[in-house]
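Geometric and topological summary
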Amino acid sequence: MSALIETRGLGWAYAPLTDGGSPVVALSDVDLAVEPGRFVGVVGPTGAGKSTLCMALAGVIPELADGDMAGEVLVAGRSTHDVSVADLSAHVGYVQQDPESQLFCASVEDELAFPLEQRGVDPRLIDRRIDETLALVGMEGMRSRVPTSLSGGQMQRVAIAAALVAEPDILVLDEPTAALDPDGRREVFAVLDRLRAARRLTVVMAEQHTRYLASSCDRIVVLDGGRVLRDADPAVFVREAPLLARLGVAAPEPDPVLRVSDTADETPADPAIRIEGLTHRYAGAAPGEPAALDDVSLTVPRGAFVGLVGRNGSGKTTLARHLNGLLRPTAGRVVVDGIDTADRPVNALAAHVGYAFQNPDHQIFCASTRDEIAFGARSLGRSEAWVDATTERLMETFGLTRFADVSPATLGYGDRRLVALASVLAMDAPILVLDEPTAGLDQRLAARLLDAVDAANAEGTTVVMISHDMHAVAAHCTHLLRLDAGRVAQWGELRSGSRDASPRPADRRETHGR
């Protein structure tokens, strides 16, 4: 059977990060052949070249990226050197690692209509195709929503729907489930399985969550350092388990069951966070649309490490953004570190609540990595000696020293996430809020990040971590808060997990030269 996708000696080097620097090699001598109807999973550590390979298969490389390409990529018999991305998109649906970067229309409906209109689909069929595709990804009733008003996971579903709606021959998916809850991940693979059973759809998927790759894929390609280490059947997860563990590739294991004790009646004398009857409705919400948060009440003890979980769109990020004043309650109140957030601007709350966004690009803006990490702490009036020492320590902890004078905006996705977290940790606030900090990271990099958070928590920092990684929640969190449709579905101390469920002592509030 002839290959539908073929790479011959594929290499790619990005332009240097600094003037006079060396090109950044992302792929080297990659040879792959993918037959029609196959499902190929691509795994490897963060920075292995997975996203670059996906971009090459979609034609983004070499047409739209800054760098030098070696070798050749053939898609449906045509070289990507000779065909535009627009023409190639007639055959290839592509979902980027960051869905927000590819959503540009005013509504979900327009996002899905756009590729159909570009292909001249009969307008009488477009409405039906949009409804069918939104139903496939569990986004019924969302046609009129502005994509950027959705949660990260919902945006991910829209991006997948936009790739599916034109019924391409090939789907190239770069971490398509990174922002999805466990049920959402299962549903995406179920959709792909149904589509492949109905027609000869070819899928190439780069993915950190390997549970469903093992059962859905025909082949697994292992990348490291831009090279193919293994090209094998899914049993490679068993045969090569030690190798994959060293690379930080997760084993295809089911999620742990998280259980809590009921702490609803416990009232700490000096809580880190107190939420009373919190309700939030977004401006412009359709009449009759449920509140994003509906009468949420709970008290978080100091030194707790809270795992905030729930389905995409359940209100997790909405709740988190009330903790530092980015959102204000429609009703109820939120008190953090003894301060009512309704009475203080965001900049005044920054000394009390550090917030790391789900998308690191929402908070990165400085000209160098060193300045980015130091900015928040310096703005809070920390002494220059303390800021310098803390910045150097965090760059060393996260392996960012080599990027000290490099613009963080030019770094890879994983490194940008580390810079964003380091900048928040450097502020040394008593409360730390993390929105999906490990999404898209390999296990080694995620462990390094969470070890740093554990160290802060052990010194008394109260942590609230939004996460769809139930293994990380079980291993690191002391408390679990599960939201469902804007309401508290579960709250209490974690009784399942590998670490003690007692809050950390809240005794570390030192001056640190402030």
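Keep in mind the model is a prediction, meaning the values are calculated, not measured. (Residues numbered from 1 in each chain as written. Predicted model: local features only at pLDDT ≥ 70, side-chain atom pairs only at ≥ 80, totals over all residues. Heavy atoms only, no water.)

This paragraph deals with the overall build of the chain. Secondary structure summary: the chain contains 17 helices and 20 strands in total. For 514 residues, the compact-globule estimate of 2.2 N^0.38 gives 24 Å, and the chain sits close to it at 23 Å. The dimensions of the chain, computed from C-alpha atoms along their principal axes, are 70 × 55 × 40 Å. When contacts within the chain are restricted to residue pairs at least 6 apart in sequence, long-range pairs at least 24 apart make up 70% of them. (Helix = DSSP H or I, 4+ residues; strand = E, 2+ residues; numbered from the N terminus. Rg over C-alpha atoms; globule rule 2.2 N^0.38 Å. Contact = heavy atoms within 4.5 Å.)

To continue, consider the nonpolar core. Within the largest apolar cluster, 48 residues are counted, with the highest numbers of intra-cluster contacts made by Leu112, Leu171, Leu192, Val203, Met205, Leu213 and Ile220. In terms of residues, this core owes the most to one element, helix H6 (residues 152-164), which gives eight residues. Aside from chain neighbours lying at most four places away, what touches Leu171 is Gly93, Ala163, Leu164, Leu192, Leu201, Thr202, Val203 and Val204. (Core = buried A, V, L, I, M, F, W, Y, C linked by side-chain atoms within 4.5 Å. Buried < 20%, exposed > 50% of the residue type's maximum accessible area, 1.4 Å probe, protein only.)

With that settled, consider unusual backbone geometry. Between Ile61 and Pro62 the backbone carries a cis peptide bond, its omega angle lying at 15°. Along the chain, the position of Pro62 falls in helix H2 (residues 60-63). Positive phi, close to 55°, is recorded for Ala76, a residue that is not glycine. As for its placement among the helices and strands, Ala76 is situated in the loop between strand E4 (67-75) and strand E5 (78-79). Of the residues examined, Ala76 reaches a relative accessible area of 32% and is grouped as partly exposed. Here the phi dihedral of Asp428 falls at roughly 55°; this positive angle occurs in a residue that is not glycine. Relative to the helices and strands, Asp428 resides in the loop between helix H15 (413-425) and strand E17 (431-435). What makes Asp428 buried here is its relative accessible area of 11%.

Right, let's talk about the state of the cysteines for a bit. Counted under the stated rule, the structure contains zero disulfides. Cys54 forms no disulfide, and the closest cysteine sulfur to it belongs to Cys217, at a distance of 12 Å. (Disulfide = S-S within 2.5 Å.)

In this numbering, the UniProt entry assigns the feature "domain: ABC transporter" (unreviewed entry) to residues 5-250 and 273-510. Between the end C-alpha atoms of residues 5-250 there is a gap of 27 Å, over a span that is 35% helix and 26% strand. (UniProt positions renumbered as here; feature names shortened; annotations may be inferred.)

Glancing now at the sheet that holds strand E1 (residues 5-14). Here we have four strands laid out as an open sheet, ordered E2-E1-E4-E5, and antiparallel in their pairing. The open sheet has two edge strands, strand E2 (24-34) and E5, and neither has a second partner. Its contacts with the sheet place helix H1 (residues 50-57) against E1, E2 and E4, and it is angled at close to 120° to E1. (Pairing = 2+ DSSP bridges. Axes fitted to C-alpha atoms, helices over the stretch in contact; angles between N-to-C directions.)

This part covers the confidence of the model for the chain. Confidence in the prediction of the chain, expressed as mean pLDDT, is 90, and 95% of residues score 70 or more. Note that residues 497-514 has pLDDT below 50 and, in this model, 55 contacts with residues that lie over four places away or in other chains. (pLDDT = per-residue confidence, 0-100.)

Let us look at the side chain of Thr210. Take Thr210: it is sitting in the loop between strand E8 (202-206) and helix H8 (213-216). Within the structure, the side chain of Thr210 is placed 2.7 Å from the backbone oxygen of Ala250, a separation counted as a polar contact. Discounting residues that sit within four places of it in the chain, Thr210 has contacts with Val43, Phe237, Val249, Ala250, Ala251 and Pro252. (Polar contact = N/O pair within 3.5 Å; in protein donor to acceptor, adjacent residues only side chain to side chain.)

With 13 residues, H6 extends 19 Å between its outermost C-alpha atoms, agreeing within 8% with the 18 Å of an ideal straight helix rising 1.5 Å per residue. In terms of burial, H6 is largely enclosed, as 13 of its 13 residues are buried. (Expected span 1.5 Å × (residues − 1).)

Here the structure, examined in full by the defined rule, presents six aromatic pairs. With a centroid separation of 5.9 Å and an interplanar angle of 85°, the aromatic rings of Trp12 and Tyr14 are classed as edge-to-face. Here a set of aromatic residues connected by ring pairs shows up, and it is made of Phe39, Phe189 and Tyr212. (Phe/Tyr/Trp six-rings, centres within 6.5 Å; stacked < 30°, edge-to-face > 60°.)

Quick look at the domain arrangement of the chain now. How big an interface is tends to be stated in terms of accessible area lost as the parts join. What the domain assignment lists for the chain is domain 1 (5-247) and domain 2 (259-495). Look at where the C-alpha atoms of domain 1 and domain 2 centre, and you get two points 29 Å apart. Every contact between the two is made by 26 residues of domain 1 and, on the other side, 23 residues of domain 2. The largest per-residue losses of area from domain 1 upon contact with domain 2 belong to Leu17, Thr46 and Asp181, which jointly make up 28% of the total buried on that side. Of the charged contacts in the structure, one is a salt bridge between Asp181 and Arg311, with a shortest N-O distance of 3.6 Å. (Domains from an automatic or database assignment. Buried area = accessible area lost by both parts, 1.4 Å probe. Salt bridge = Lys/Arg side-chain N within 4 Å of Asp/Glu carboxyl O.)

Structurally, the position occupied by Asp122 is in the loop between helix H4 (108-118) and helix H5 (123-136). Note: C-alpha distance between Asp122 and Asp442 (320 residues apart in sequence) is 43 Å. Reaching out from Asp122, the side chain makes a polar contact with the side chain of Arg124 at a distance of 2.7 Å.

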